[in-house]
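# Fold and geometry: a report
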Amino acid sequence: MERALKNDLVKNLKKNTTPCLTCKSLKCRDKGIDCYGIKESSLVAYSDKMVLLKTKSASGLIDNGRAGSLSRVEEVIEFCKAEKYSRIGIAYCFGLKDMAMEVCDKLQNAGLIPLPVSCTSGAVKERHLDVSKKTETVSCNPVGQALVLNKLKPDLVLEMGLCMGHDVIFHQHLEIPHSVLLVKDRVFAHSPAKFLSAHKDKNAQFLESLDNSFAMKPPAWLVEQLYSDEKLNIIDLRGEEAFKKAHIKGAINIQLKNLPDIAPKLDKTLTTVCVCNGSVQSAYGVMFLHGRGYEEVYNLSGGMSRWEKEELPVE
């Protein structure tokens, strides 16, 4: 049944829509073929200096291996700095005001000026929009929200969690360039991709791929890697004092709480080994790094306790 439905979908796509999803030859991506005859018109648009600069600013967020190293909020901040934006409008849902406040704090800490505008701006009541309603409840007002931001004239507007339909109206009336920071999804904690079977959390994928060793590697394996002169990331997650007392040659000391800040600066393509005192903290480190795109990441079985018990070399 499922296969038949998919076949029907493909037939409908071929019949009713452009052929991108059903194209098997990937003419544009792999062969450089312009199926729609839009290349010249596109290049004319990119000849505009402002469009070209924005394109370069966007590319700067993912080039040279940076893809996956920045959160969306961090990307927003870097993009704004690259474009020399200073005033940033925040169009937020009133129900997400705590999140909006946190985003404003982060923007302000980065030297930007947040201009938050609630969806209830204008105090339009539900009975004003629907005469059948007699309550004094204030309605969402995406038109008014857009009008306020048009008056404030920020350099960029970030949309945060507007309801489906309200966001369409908001876009129709907004005259300022905008980007969507957060899409409202009440079922999937504002992460619509979780609804799709094609999306699966990287840590879930990692757990499914594990054998019973849970990505453990014995000390003998690491010794072999060290003698082979293979370049490694050896991350020692213990406290500073324990690290100073004894650590594996070449290891760097990063406490687990600091891993999110340091991990993006390391080479993801190298074999990475997490070390703690007894393999517990390092298990969390392994999962975190795998979720951040590290290709080969392992947990030293038994940690430094086993390493020293087996009288292996330390510095």
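Here is what the cut-offs are and how they apply
Residues numbered from 1 in each chain as written. Predicted model: local features only at pLDDT ≥ 70, side-chain atom pairs only at ≥ 80, totals over all residues. Heavy atoms only, no water. Helix = DSSP H or I, 4+ residues; strand = E, 2+ residues; numbered from the N terminus. Buried < 20%, exposed > 50% of the residue type's maximum accessible area, 1.4 Å probe, protein only. Contact = heavy atoms within 4.5 Å. Areas by Shrake-Rupley, 256 points an atom, 1.4 Å probe, with all protein chains shown as cover. Salt bridge = Lys/Arg side-chain N within 4 Å of Asp/Glu carboxyl O. Pairing = 2+ DSSP bridges. Phe/Tyr/Trp six-rings, centres within 6.5 Å; stacked < 30°, edge-to-face > 60°. Lys NZ or Arg CZ within 6 Å of the ring centre and 35° of its normal. Core = buried A, V, L, I, M, F, W, Y, C linked by side-chain atoms within 4.5 Å. Axes fitted to C-alpha atoms, helices over the stretch in contact; angles between N-to-C directions.

## Looking at the overall build of the protein chain
Check the secondary structure of the protein chain and you find 15 helices and 9 strands. Each of the 315 residues in the protein chain was classed as buried or not, and the buried ones make up 33%. Considering only contacts in the protein chain between residues 6 or more positions apart, those separated by 24 or more positions represent 59%. Approximately 20200 Å² of the protein chain is accessible, and the part contributed by carbon and sulfur atoms is 56%.

## A few points about the pattern of salt bridges
One pass over the full model with this rule turns up 5 salt bridges. Here Arg66 and Glu78 are joined by a salt bridge, their closest N and O atoms 2.8 Å apart. Placement of Arg66 in the loop between helix H4 (49-59) and helix H5 (72-82) and of Glu78 in helix H5 is noted, with a sequence separation of 12 residues between them. On the basis of relative accessibility, which here comes to 32%, the residue Glu78 falls in the partly exposed class. For Glu240, the salt bridge identified is with Lys244, shortest N-O distance 3.2 Å. Within this pair, Glu240 and its partner Lys244 are both found in helix H12 (residues 240-245), separated by 4 residues, close to a single helical turn.

## Some points on the pairing of strand E6 (residues 232-236)
Every other side chain in a regular strand lies on the same face of the sheet, so the side chains alternate between the two faces. Of all 5 residues making up E6, 5 are buried, and the element is well covered by its neighbours. Across the two faces of E6 the burial is the same, with Leu232, Ile234 and Asp236 and Asn233 and Ile235 all buried. Two strands pair when backbone bridges link them, and E6 and strand E8 (residues 271-275) are joined in this way by 5 bridges, in the parallel orientation. Residue Asp236 lies in a different strand from E8, and its bridge partner there is Val275.

## Here we look at the packing of aromatic side chains
Evaluation of the coordinates by the stated rule reveals 2 aromatic pairs. The ring of Tyr298 carries Lys217 above its face, with NZ or CZ at 5.0 Å from the centroid.

## Regarding helix H14 (residues 281-291)
Residue pairs three or four apart in sequence face the same way in an α-helix, which turns once every 3.6 residues. Listed as buried for H14 are Ser282, Ala283, Gly285, Val286, Phe288, Leu289 and Gly291. In the stretch just after H14, Gly293 is the one whose phi turns positive, near 95 degrees.

## Brief notes about the nonpolar core
Within the largest apolar cluster, 22 residues are counted, with the highest numbers of intra-cluster contacts made by Cys80, Ile88, Ile90, Leu107, Leu158 and Met160. Secondary structure elements with two or more residues in this core: H5, strand E1 (87-92), helix H6 (97-109), strand E3 (156-160) and strand E4 (178-182). Aside from chain neighbours lying at most four places away, what touches Ile88 is Cys80, Leu107, Leu112, Ile113, Pro114, Leu115, Pro154, Leu156 and Leu158. Residues Val223, Ile248, Ala251 and Tyr298 belong to the second largest nonpolar core, which totals 14 residues.

## Notes on the environment of Arg292
Structurally, Arg292 can be placed in the loop between H14 and strand E9 (297-300). Note: C-alpha distance between Arg292 and Gly68 (224 residues apart in sequence) is 6.7 Å.

## Thoughts on the sheet that holds E1
Read from one edge of the open sheet, 4 strands run E2-E1-E3-E4, paired in parallel fashion. Both outer strands of the open sheet, strand E2 (113-118) and E4, are each paired with one neighbouring strand and no more. Neighbouring strand axes in the sheet, compared pairwise and without regard to direction, differ in orientation by 25 degrees on average. As judged from the 5 bridges shared by E1 and E3, these two strands associate in the parallel manner.

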